[in-house]
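Given next are the chains, with one letter for each unit.
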Amino acid sequence: MARGGRGRRLGFALGLLLALVLAPRVLRAKPTVRKERVVRPDSELGERPPEDNQSFQYDHEAFLGKEDSKTFDQLTPDESKERLGKIVDRIDSDGDGFVTTEELKTWIKRVQKRYIFDNVAKVWKDYDRDKDDKISWEEYKQATYGYYLGNPAEFHDSSDHHTFKKMLPRDERRFKAADLDGDLTATREEFTAFLHPEEFEHMKEIVVLETLEDIDKNGDGFVDQDEYIVDMFSHEENGPEPDWVLSEREQFNEFRDLNKDGKLDKDEIRHWILPQDYDHAQAEARHLVYESDKNKDEKLTKEEILENWNMFVGSQATNYGEDLTKNHDEL
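Going by an unreviewed UniProt entry, the chain carries the name Reticulocalbin-1 and comes from Rhinopithecus roxellana. Note on the chain: under the UniProt heading Subcellular location (unreviewed entry), the record states "Endoplasmic reticulum lumen".

Laid out in structure tokens, this is it:
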């Protein structure tokens with residue numbers, strides 16, 4: 001039995017092409033352990049389970065961003081604490097010696113925006129082939145699907161053909177939704193909306209539609225409970241379902257299926273994956289303060305943060321800091 005992974009594993013010959021197809025879609029990827037469609041809404045802080053490796057990883061990626069978290073994974077505890085102290089000074093925007101929930105929320109939002117900006121900047125040159133600081137649909141299509149379109153016979157009988165055949169019109173639909181002026185050419189802002197639609201209000205319907213298309217295996221325009229579960233979990237053997245799967249079935253019945261008709265429509269999917277009243281940065285900031293606030297004054301000193309440094313920047317994957325690399329640049 002295994003929890004479903006994500007990411008397409010096509011042939012080696014398609015490796016370079018797939019790098020262009022899939023690399024920009026970082027936020028569309030789901031965890032390899034358990035698929036998630038929505039930024040996780042935390043339970044009441046006092047009821048959160050003890051931290052495990054997955055939740056520690058979530059905390060320090062939310063706090064640092066994915067790239068910086070990889071760097072911190074490779075530091076010794078002393079190095080991590082030293083760098084964390086410098087970050088704390090930057091988070092404390094009013095310089096009063098305390099980090100509040102609001103200051104932490106502002107920092108986490110900044111980290112997220114930086115990640116998105118860096119991601120777009122990293123792939124921009126791959127698509128802006130004529131270097132006019134814009135990306136046309138034709139440029140994107142040729143960079144991503146050019147080999148497939150130019151050599152259809154190589155893909156005719158393969159599963160890769162079905163993958164590309166599905167993704168091409170889907171990408172075109174998303175590109176046109178992001179292209180607000182309708183000129184089939186994306187500015188950096190429009191291309192950011194194309195790559196990261198969940199961050200833009202006018203792209204939310206595309207996020208909902210793509211989610212429905214991904215999960216709705218029988219094509220009836222709805223997501224039933226079995227489709228909902230299969231999207232997160234797949235049986236390799238006919239054994240019992242794990243407790244978390246049983247809990248998800250209850251979640252489906254109690255909280256996802258709002259009209260109790262046994263399936264999710266677009267409005268219910270939107271309510272599930274794009275909760276209107278949930279701010280992930282606020283929730284994460286509240287969690288970090290709650291877990292580290294020893295004197296319960298609802299704000300953190302640098303000492304309180306450094307005492308709980310492993311939740312902010314540590315990773316159990318490296319036993320909280322094998323010294324794997326040297327000469328790290330200062331943040």
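Caption draft 1: A look at the overall build of the chain. Scanning the chain from N- to C-terminus turns up 15 helices and 6 strands. Within the chain, buried positions represent 43% of all 331 residues. Considering only residue pairs separated by 6 or more positions, the chain has 64% of its internal contacts joining residues 24 or more positions apart. A total of about 18000 Å² of accessible surface is found on the chain, and carbon and sulfur atoms cover 50% of it.

Caption draft 2: Local environment of unusual backbone geometry. A positive phi angle, close to 65°, is found at Asp-133, a residue other than glycine. One can find Asp-133 in the loop between α5 (101-127) and β2 (135-136). We classify Asp-133 as partly exposed; its relative accessible area is 43%. The residue Lys-296 is not glycine, and still its phi comes out positive at about 55°. Relative to the helices and strands, Lys-296 is located in the loop between α13 (280-292) and α14 (302-307).

Caption draft 3: Focus on the packing of aromatic side chains. All told, the structure shown has 19 aromatic pairs when counted by the stated rule. Both rings, one in Tyr-148 and one in Phe-155, keep their centres 5.2 Å apart while their planes meet at 85°; by these two values the pair is edge-to-face. Note on Tyr-148: relative accessible area 9%, which makes it buried. Owing to a relative accessible area of 2%, Phe-155 belongs among the buried residues under this scheme. Here the guanidinium or amino end of Arg-174 rests over the ring plane of Phe-194, the centre of that ring lying 5.8 Å away. Over the ring of Trp-124 we find Arg-188; its NZ or CZ atom is 4.3 Å from the centre of that ring.

The rules behind each value
Residues numbered from 1 in each chain as written. Predicted model: local features only at pLDDT ≥ 70, side-chain atom pairs only at ≥ 80, totals over all residues. Heavy atoms only, no water. UniProt positions renumbered as here; feature names shortened; annotations may be inferred. Helix = DSSP H or I, 4+ residues; strand = E, 2+ residues; numbered from the N terminus. Buried < 20%, exposed > 50% of the residue type's maximum accessible area, 1.4 Å probe, protein only. Contact = heavy atoms within 4.5 Å. Areas by Shrake-Rupley, 256 points an atom, 1.4 Å probe, with all protein chains shown as cover. Phe/Tyr/Trp six-rings, centres within 6.5 Å; stacked < 30°, edge-to-face > 60°. Lys NZ or Arg CZ within 6 Å of the ring centre and 35° of its normal.

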